[in-house]
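In case you want the letters, here they are:
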Amino acid sequence: MVMDVMAAAARIEEGGGRVIHMEVGQPAAAPPASAIAAARAALLTGRLGYTETLGIAPLRARISRHYRESYGLDVDPQRVAVTTGSSAAFTLAFLTLFESGDRIAVALPGYPPYRHILSALGCQPVMIETSEVTRWAITPEMLIAEHRKAPLKGVLIASPANPTGTMMPASALRDLLAAAESEGIKFISDEIYHGLDYAFPAETAAKLSDTALVINSFSKYFCMTGWRIGWMVLPVALIRSVDRLQGNLAISVPALSQIAALAAFDGRAEMEAVKHGYEENRNVLLTGLPKIGFEKILPVDGAFYLYADVSRFCGDSHEFAKRILAETHVAVTPGLDFDPLKGSRFIRLCYAGARAEMQEAVERMGAWLGK
Ligand SMILES: Cc1ncc(COP(=O)(O)O)c(C=O)c1O
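Residues numbered from 1 in each chain as written. Predicted model: local features only at pLDDT ≥ 70, side-chain atom pairs only at ≥ 80, totals over all residues. Heavy atoms only, no water.

Q: Just give me the short version of the sheet that holds strand β11 (residues 333-334), but keep the residues and values in it.
A: Here three strands make up an open sheet; going across it, the order is β9-β12-β11 and the pairing antiparallel. Unpaired on one side and paired on the other, β9 (305-309) and β11 mark the two borders of the sheet. With five bridges joining them, β9 and strand β12 (residues 346-350) adopt antiparallel strand pairing. When the sheet's bridge partners are listed, Asp-309 is paired in β12 with Phe-346. (Pairing = 2+ DSSP bridges. Helix = DSSP H or I, 4+ residues; strand = E, 2+ residues; numbered from the N terminus.)

Pasting the structure below:
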């Protein structure tokens, strides 16, 4: 449905209209200058070949250092696998952990490719409906109840999450992980929005367990969506199988992106400034949206998303998103993309754009709603 919104937005722009884009979940900022400079220098050498299957050694070592610096955790670089974005990491993780027919729990609302990739691989995504009572997270009780219906082989969580931006406190993550492990349910933690936490610091599942599989990416914090590079922290027992899978599926991750990603860690000060901008955008929306009638907003803890209940305006968020775009030229994503059950009540707004645009979006929508 977001594709429909994007196509309609493109038509408005072709006609000379100026659309404020809050539908696409990617940073508007550029990657760190250090990453661009390293990539430029690498291009000038003229040759970029295949690399080691799990990534160039300096990058795996640098990612390991990142865990020490950011979480106080020692991770053996051998456990780090560099991947083509976190997207490829999902496929590798599912292929290495699960067999066709396995049941894997994912939260609703949630990032749709989890369930789509699982289905494409012949697995059965088990959608667990979450609510405000549990801060939009799967709880141990929910997991075990589903496991008793028919055994689960895995559970995948994200914190901060897409589309809600809500985070699991460390204690909630620890309890869910313990429940999963006590039942032999494999645990996958999507940590792609780590670094973009405002309410409280995000905890990595790698710190709580050696058997959890952690997925991360350079796409969001480092603003490198188009470079298609991410990583996994693997349980030791899985290193060999992921090595073989990636070797067969992709040979290696693009060398240029690996070189840029390694240098990106030198640009953290720039990325912290970008993060500060998101934080200001978040404040603009948290102050402005309730004044124009968007009173029910889910906890906006991290990432750059805000998930608003719009049921007081309309029974169908797809229709509502179309009308907002047509009337105000603000593009938002209908919740049905993330939640086939209750998504018709919600829209997602991405606040990774310019601050002036956030203010303008609130004003345009407020004028339309008569506020
Ligand atoms: C929660 C979540 N996980 C993973 C991804 C995939 O990102 P990438 O493949 O660029 O790392 C996204 C992209 O929006 C996302 O929102």
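Q: Before we move on, could you go through the site of the ligand and cite the residues and values that matter?
A: As a matter of local geometry, the ligand sits amid 14 residues, with Ser-87, Asp-190, Tyr-193, Ser-217 and Ser-219 nearest to it. With respect to the ligand, the side chain of Asn-162 contributes an N or O atom lying 2.7 Å from an oxygen atom. Coverage of the ligand by the protein chains reaches 92% of its 400 Å² of free accessible surface. (Near = heavy atom within 4 Å. Polar contact = N/O pair within 3.5 Å; in protein donor to acceptor, adjacent residues only side chain to side chain. Areas by Shrake-Rupley, 256 points an atom, 1.4 Å probe, with all protein chains shown as cover.)

Q: Which residues make up helix α6 (residues 140-149), and what values go with them?
A: Turning to α6, its buried residues are Pro-140, Leu-143, Ile-144, Glu-146 and His-147. Buried residues of α6 fall within an arc of 160° about the axis and therefore sit on the same side. Seen from the open side of α6, the exposed residues pointing more than 90 degrees away from its buried face are Glu-141, Arg-148 and Lys-149. Taken together, the buried residues of α6 touch β3 (103-108), β4 (124-129), β5 (154-158) and α7 (170-182). (Buried < 20%, exposed > 50% of the residue type's maximum accessible area, 1.4 Å probe, protein only. Arc of directions from axis to C-beta. Contact = heavy atoms within 4.5 Å.)

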